[in-house]
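# Coordinate analysis (summary)
Single-letter residue listing:
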Amino acid sequence: RGRPRLESVVCHCRLPPRAPPPSSTRITVDFPRCNSDIMASAQPLLPGPGAAQKEAKHTKFSIFYGANEYLETLSKKYEEYDELAELLKVSPDGGADADAFPAAKDDQKEGESKKSAKMLSLDVDDDKRSKRTKRSVPTPNVPEPMPSNLAFMFAKITLEQKLYMWNIYTLIFVAEALSIVAYWALLKFDLLPFWVATIVMGTIMAALGIQNVYILHDVIHGATFPPYEWQAYITHPFADFFSLPWMEMIMEHNRHHNSTFDLLNHGEFGWDPANWLYVLQEWTPAWYGWLTVPLVPLWHFVGASDTGGLFAILWWMNFPDACPSGKCDKAFWTKWLPARVKHNLFVLSCWACVWLLGSVGLGLPLSEGWKFTLIVSAMFRTGFSLAWTFFTNINHSHWWNEFLASDPERTWPFLHRFMAFCLGGSHRWNEMLFHDIHHMCPGRIGAMSQRGRFHGWQKVHDACVEILANGLWKHDDPETQMEQHQKRRSLVLKSRTE
């Protein structure tokens, strides 16, 4: 009695300040919105509500951007990089954005010569079967009709989610740069003994390297083009002293998906740029093949992984395809070569700054900067190497997929908790548990880590169990070894959840 009565609650509206209302007045309360709404529209780098009403002037180096500007950028990028549109067209699920940009599809029809390019097409015979395994090109088994509990896995990444991931990407680059400065400060002012400072900062840099690979993979599958061109330069500058530009990183990774549908049939439908990463673990099925497995992380460490310098040389030797006449493709001179030069000039400028910090910054001659530079490089390379070893070698190995079929989540629970902690959370670990689902729909589903950022690891995990139980592929060929593992595993997982 004597207090106003709450008759209803209306969200997202504010009552102007006024005198206390009488008892019969309806009070409007502005409760905080749900987490999903906050994730979609209240990110730190997104403009405020008033900005949407104004026609903002866009500059390349502005940190604020609008939705309309970003959508325009996407359309222009797909028109510019029609090779990517061609790659997506023959990917397992046709790509996530191909239907969203008609201009890109028109370019595909006009560019008939691109359809015969080795790097942009599947390597199949006249019957549309793999020349190596004689299997037909399988079709992803997308649920029809789509169950409500799985719809979020196949839903297209929203614009706000794309911007959010690029914000995270930018923050990781800033954190990497600051970790270098922090390491320099510890040495400069003798705040910690050399080895203590190196171990502490080395652990931090390695962890940032791991997260760099995960956000790189998440962004490739769903948020391909950065909102601003300068963000394409900050994707992996500390991985090596030279590397692939961002757009070629996207091209080579989609080439990997187009050639390897089944996790254990590498390069089944054409050349897979990741093939040389599997050699040390699959050069022989005999027991002594294990003797070279410990060399796999070292192979990544010296630059053989996607973000490394050796890998860049491998890709440059194969892309772009030569013209039918045998001459160099025109796009090489106008598009790809300039991008390679600009990207690697930026990478070298980053390492030049590191060199200066380790020499002049520490009161040493300029020629002594190599010591600090090599230490910083080694620490970042450790993180990148570990992440790529998990992504490429373990996920695509026979023994790991046999292990998953034995239900290790129940028999080895500590292993799962420990590895989730090392990789940055259970949503990262889902990438290791369901990488085969990622290869089924690299465009529509994207990455498990990516989905986990917005829906939580448990929801993604449970959805993957159901998708796996339904079967991943539709085809008339005999079951592959990988499909046999998947069938065994799905039976175990479903029996545990029922």
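So, here's what we can say about the structure. (Residues numbered from 1 in each chain as written. Predicted model: local features only at pLDDT ≥ 70, side-chain atom pairs only at ≥ 80, totals over all residues. Heavy atoms only, no water.)

## Quick look at helix 7 (residues 159–188)
Rules: In this description a helix means any DSSP run of H or I spanning at least four residues, a strand means any run of E spanning at least two, and both kinds are numbered starting from the N terminus. By this rule the span expected of a helix is its residue count minus one, scaled by 1.5 Å.
Between its terminal C-alpha atoms helix 7 stretches 44 Å, which fits the 44 Å expected from 30 residues at 1.5 Å a residue. A positive backbone phi angle near 50° is found at Asp190, which sits one or two residues after helix 7.

## Details of unusual backbone geometry
Pro145 follows Glu144 through a cis peptide bond whose omega is -5°. In this structure, Pro145 sits in the loop between strand 1 (139–140) and helix 6 (151–154). The step from Phe319 to Pro320 runs through a cis peptide bond, and the omega angle for that step is 0°. As for its position among the elements, Pro320 is in the loop between helix 12 (309–316) and helix 13 (330–358). The phi dihedral of Lys128 falls on the positive side, at around 65°, and the residue is not glycine. Relative to the assigned elements, Lys128 resides in the loop between helix 5 (112–115) and strand 1. Of note in this structure, Asp407 is not a glycine but carries a positive phi near 60°.

## Here we look at the nonpolar core
Soluble globular proteins: nonpolar side chains tend toward being buried together. What counts is decided by this rule: By nonpolar core we mean a set of buried residues, namely Ala, Val, Leu, Ile, Met, Phe, Trp, Tyr and Cys, connected to one another through side-chain atoms within 4.5 Å. Three exposure classes are used, based on accessible area relative to the maximum for each residue type with a 1.4 Å probe and protein chains only: buried under 20%, partly exposed in between, and exposed over 50%.
Ranked by internal contacts, the top residues of the largest apolar core, which has 78 residues, are Leu84, Met153, Trp246, Ile437, Ile445 and Ile467. The greatest single-element share of this core, amounting to seven residues, is contributed by helix 8 (residues 194–220).

## A closer look at the packing of aromatic side chains
A ring pair, where both rings are aromatic, is described by two values, the distance of the centres and the angle of the planes. Filter applied, for reference: Only Phe, Tyr and Trp rings are paired, with Trp represented by its six-membered ring, and only when their centres lie within 6.5 Å; those with planes under 30 degrees apart are stacked, over 60 edge-to-face, the remainder tilted. In our convention, an over-ring charge means Lys NZ or Arg CZ found within 6 Å of a ring centre and within 35 degrees of that ring's normal.
This structure, assessed with the given rule, holds 31 aromatic pairs. Taking 5.7 Å as the distance between ring centres and 85° as the angle between the ring planes, the aromatic pair formed by Phe238 and Trp351 counts as edge-to-face. Here Phe238, found in the loop between helix 8 and helix 9 (246–259), pairs with Trp351, found in helix 13; they are 113 residues apart in sequence, far enough to count as distant. Arranged with centres 5.9 Å apart and planes meeting at 55°, the rings of Trp388 and Phe391 form a pair that is tilted. With a gap of three residues between them, Trp388 and Phe391 both fall in helix 14 (residues 369–394), about one helical turn apart. The buried category is assigned to Trp388, whose relative accessible area is 2%. By relative accessible area, which is 5% here, Phe391 ends up buried. Grouped by ring-pair contacts, the aromatic residues Phe173, Tyr233, Phe238, Phe241, Phe346, Trp351 and Phe380 constitute a single cluster. Here the guanidinium or amino end of Arg381 rests over the ring plane of Phe301, the centre of that ring lying 6.0 Å away. The ring centre of Phe152 lies 4.5 Å from the NZ or CZ of Lys459, which sits over that ring.

## Notes on the packing of helix 11 (residues 296–304) against helix 12
In a pair of packed helices, the angle between the axes and the distance between the axes together describe the arrangement. Our working definition: Axis definition: a line fit to C-alpha positions, over the contact stretch in the case of helices; interaxial angles, taken between N-to-C directions, run 0 to 180 degrees. Angles below 35 degrees are treated as roughly parallel, those above 145 as roughly antiparallel, those between 65 and 115 as roughly perpendicular, and all remaining angles as oblique. Contact definition: two residues touch when any of their heavy atoms are within 4.5 Å. Ten residue types, Ala, Val, Leu, Ile, Met, Phe, Trp, Tyr, Cys and Pro, are classed as nonpolar, four, Asp, Glu, Lys and Arg, as charged, and the remainder, Gly among them, as polar.
As a packed pair, helix 11 and helix 12 sit with axes 6 Å apart at the nearest point and diverge in direction by 70°. In terms of their interaxial angle, helix 11 and helix 12 are classed as roughly perpendicular. Every residue of helix 12 that contacts helix 11 at Trp299, Val302, Gly303 and Ala304 is listed here: Gly309, Leu310 and Phe311. Class assignment of the residues belonging to the contact of helix 11 with helix 12 gives a composition of five nonpolar, two polar and no charged.

## Things to note about helix 10 (residues 275–282)
For an α-helix, the turn length of 3.6 residues means that residues three or four places apart are oriented alike. Stated formally: Starting at the helix axis, one direction is taken to each C-beta atom, and the arc is that of these directions.
Among all positions in helix 10, only Leu277, Tyr278 and Gln281 are buried. Each buried residue of helix 10 lies within a common arc of 90° when the element is viewed along its axis, so the set occupies one face. Tucked into the core, helix 10 has its buried residues touching helix 9, helix 11 and helix 14.

Geometry only, nothing functional implied.
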